[in-house]
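Architecture and fold: a report
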Amino acid sequence: MTAIHPSTSPLSIHDMTVAYQGRPVLWDIDYDSPAGKLVAIVGPNGAGKSTLIKAVLELIPRTDGDIRFFGKTYQQQRSRIGYVPQRTSVDWDFPVNALDVVAMGLYRQIGWFRPVSKRYRQQALAALERVGLAEFAGRQISELSGGQQQRVFLARALVQNADLYLMDEPFAGVDAATERAIVELLRELRSAGKTALVVHHDLQTVAEYFDEVLLLNMRLVASGPVEQAFTTENLRRTYGGKLALLDQVGHRMRHPNVILP
Amino acid sequence: MFSEFYNLLSGWFALDTWIVITAALAAMSCALPGAWLLLRRQSLLGDALSHSVLPGIVLAYLAMHWMEEHHWLSADSGIRHLVLFMGAAVSGVLSAMVTELIQRWGRLDRGAAMGVVFTSMFAVGLLLIRMFADKTHVDPGCVLYGSLETSAMIPLSSSIQIPRAVVINGAMLLINGILVIAFFKELRLSTFDPGLAAALGLRADWIQLALMAMTAATLVAAFESVGAILVIAMLIVPAATARLLTDRLSTMLVLSLLIAALSAVLGHVGALTLPSMVFSRLGYPDVRDASTAGMMAVAAGGLFVASILASPRHGAVRRVMDRIRLQVRIASEDILGKLYRRDEAVPVEDLTPSAIVTPVPLRTWIEWLARRRLERRGFITVTATMNQLTDKGREMAQSLVRSHRLWEAYMARHFELPGDHLHATAEQVEHFLSPELQTELAEELDQPSFDPHGKTIPGSSVK
């Protein structure tokens, strides 16, 4: 039986498996994201949430599977996809200011090997304004608070004016004001018809912030509208420990010659 | 002392100028890739590369020799250098790639992988030299320490009197400059956020390899002039110094170029003057001259130390000054508070002589400075028998005491603490409450008139 993936879906994942050094961390993910919705990617630590995002963006190699963005490959749709990496993935001591970082989102649009002209700097400033950081444009990024740094990252994604946003834990370690600002921004994106897939940790706020969930624990446990998929039973299946057998087989695939006790 | 300095420099010839120019160009061409390596936290890669290019150089040399023997290539020095650079660049890129693979497959950290690859490649290079020793003329001393003095003497050709090393290092600087300007955006993005770079379709891995090739070629160009060991200094120290001085990337690149050039000038001047001026005085009359390359590294190190101390934002001097300034401010505010409380407890007319004479004990020089500051600004008057608040001082003191007592009231409301625990924190906090915070605090406490100890909270007289 082959699954049918609608070509209108912002992100279609067909039977994707991702392995680190031979050991699968995501098994046979099959998923179609709805259009114009906010989707929370939820699961315990080590469930492969970040891996899912990185693998569909081809930042890490996939073992298997086919990914489509709005019915086409990533290479064809790059400009329609915005990526917000984890805040801790970069060196915040790097000698650039907030505006420089936001302008990075425009590099593809500017074209390689061309300088960042005034027009683009103004676009970047407008994006900073949307996240309430216009006055910090010239601020060295190490002098920003964690929440402000996260908002700079969001502004950088906004400036890309993408149709699908993939965000890796934007709510991690931010203050209440930033959390509200991010939620506000996500809703703005949704009303503009955009889609966002957001790795999210706080189960309490899933129903409040998001329309749909994707429950993940090395495999896709459940997905769909919050009221249908975000059930106690599904959460128990997601968080009730990894499937012991999946883990063992994965271990065998990485160390084929080691006999497990 | 100065006349001796000028005497020693009066023997400055055209050769000295060429030495400085060669050294400056070599140092500047190294500083550019060095700045990027530093920002990528790969500073030691330069060190490693300087070793691993050896087999590439030797093989390129042998290939060239072989081609010349078969008359496929004329013994033209321009082409010879180009071939050597390509050999170095290829082996630099190769070693970076092998390091990457070993890191991935051997599950080693980067440092260990580098250690394995670069030492092995250096060993292979040495082995090649041994095997074909009669064909290659590699002087180990020259490779390690370089010889600016000699390289500045070899002209490009009999008709053009510019030293060859100037042309080579100048060309390298030009190429590096063009590359850094053209790829500035790409280098910045792939260094700061390789993940986003990849998501935007920029091949960060290619940029890394290009940077390796650029570094390797630059190293080889500079080897001849400053030597393998000192090249590392020129690669990293100017960039590290510049990083201390600024938080802007473009400024940092320009500064590292300037610092590199300055090290060259200071290095040569130092090499000419320091031996006879310093070492003979220290009892080492035998030290008559020093190598310019060595002195350049010393000069660069000196500039680095100077900027650690004097950097405007992160400098040690600045930090110490800031701390002293804060301590003086706190101490002077404490004096104001003490005088205010003294006046509050006992009217000035009733003060006993001893209380008049020693109301403000000066335990430390900080307190001495604090009292001087208060006096100078007209907050207190000091006579032999009396320290007295001026009107201005009283106003200031009143605001401080208000902050103190408001904070005690605030603590008493929100913390389950006995009364004697309140004072110490309030003593700290009073120095940091802005007028806005003070107003906010008073509002939250419904404008209290008494602190938890029953003392009056003075009104806010400071606007």
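Note: the structure precedes this text.
A brief look at the structure comes next. (Residues numbered from 1 in each chain as written. Chains lettered and ligands numbered in written order. Predicted model: local features only at pLDDT ≥ 70, side-chain atom pairs only at ≥ 80, totals over all residues. Heavy atoms only, no water.)

This next bit is on the packing of helix H4 (residues 54–69) of chain B against helix H6 (residues 110–131) of chain B. Residues and elements named next belong to chain B. Where H4 contacts H6, the axes come no closer than 7 Å and their chain directions differ by 30 degrees. Between H4 and H6, the angle is such that the two are roughly parallel. Within the contact between the two elements, H4 uses Leu54, Pro55, Val58 and Leu59 and H6 uses Met121, Phe122, Val124, Gly125, Leu126, Leu128 and Ile129. (Axes fitted to C-alpha atoms, helices over the stretch in contact; angles between N-to-C directions. Helix = DSSP H or I, 4+ residues; strand = E, 2+ residues; numbered from the N terminus. Parallel < 35°, antiparallel > 145°, perpendicular 65-115°, else oblique. Contact = heavy atoms within 4.5 Å.)

All names here are of chain B. A cluster of basic side chains, namely Arg372, Arg376, Arg377 and Lys392, defines a positive patch on the protein surface. With respect to the helices, strands and loops of the structure, arginine 377 is situated in the loop between helix H18 (365–376) and strand S1 (380–382). Among the residues examined, arginine 377 registers a relative accessible area of 43% and is labelled partly exposed. (Patch = residues over 30% accessible without salt bridge, like charges linked within 9 Å, V, L, I, M, F, W, Y side chains within 5 Å. Areas by Shrake-Rupley, 256 points an atom, 1.4 Å probe, with all protein chains shown as cover. Salt bridge = Lys/Arg side-chain N within 4 Å of Asp/Glu carboxyl O. Lys, Arg positive; Asp, Glu negative; His and termini not counted. Charge placed at Lys NZ, Arg CZ, Asp CG, Glu CD. Buried < 20%, exposed > 50% of the residue type's maximum accessible area, 1.4 Å probe, protein only.)

Residue and element names in this part refer to chain B. With 16 residues, H4 should cover 22 Å at 1.5 Å per step; its first-to-last C-alpha distance of 23 Å lies within 8% of that length. Taken together, the buried positions of H4 are Leu54, Pro55, Gly56, Ile57, Val58, Ala60, Tyr61, Leu62, Met64 and Glu68. Taken from the residues just after H4, histidine 71 is the one with a positive phi, measuring 60 degrees. (Expected span 1.5 Å × (residues − 1).)

With that settled, consider the packing of helix H6 (residues 146–158) of chain A against helix H7 (residues 176–191) of chain A. All names here are of chain A. The N-to-C vectors of H6 and H7 enclose an angle of 15 degrees; their axes lie 10 Å apart at closest approach. In terms of axis orientation, H6 runs roughly parallel to H7. Two packed elements cross with a definite hand, and for H6 against H7 that hand is left-handed. Judged by residue contacts, Gly147, Gln148, Gln150, Arg151, Leu154 and Leu158 of H6 engage Thr178, Ala181, Ile182, Leu185 and Leu189 from H7. Across the contact of H6 with H7, the residue classes tally to 6 nonpolar, 4 polar and 1 charged. (Left-handed = near helix turned anticlockwise from the far one by under 90°. Nonpolar A, V, L, I, M, F, W, Y, C, P; charged D, E, K, R; others polar.)

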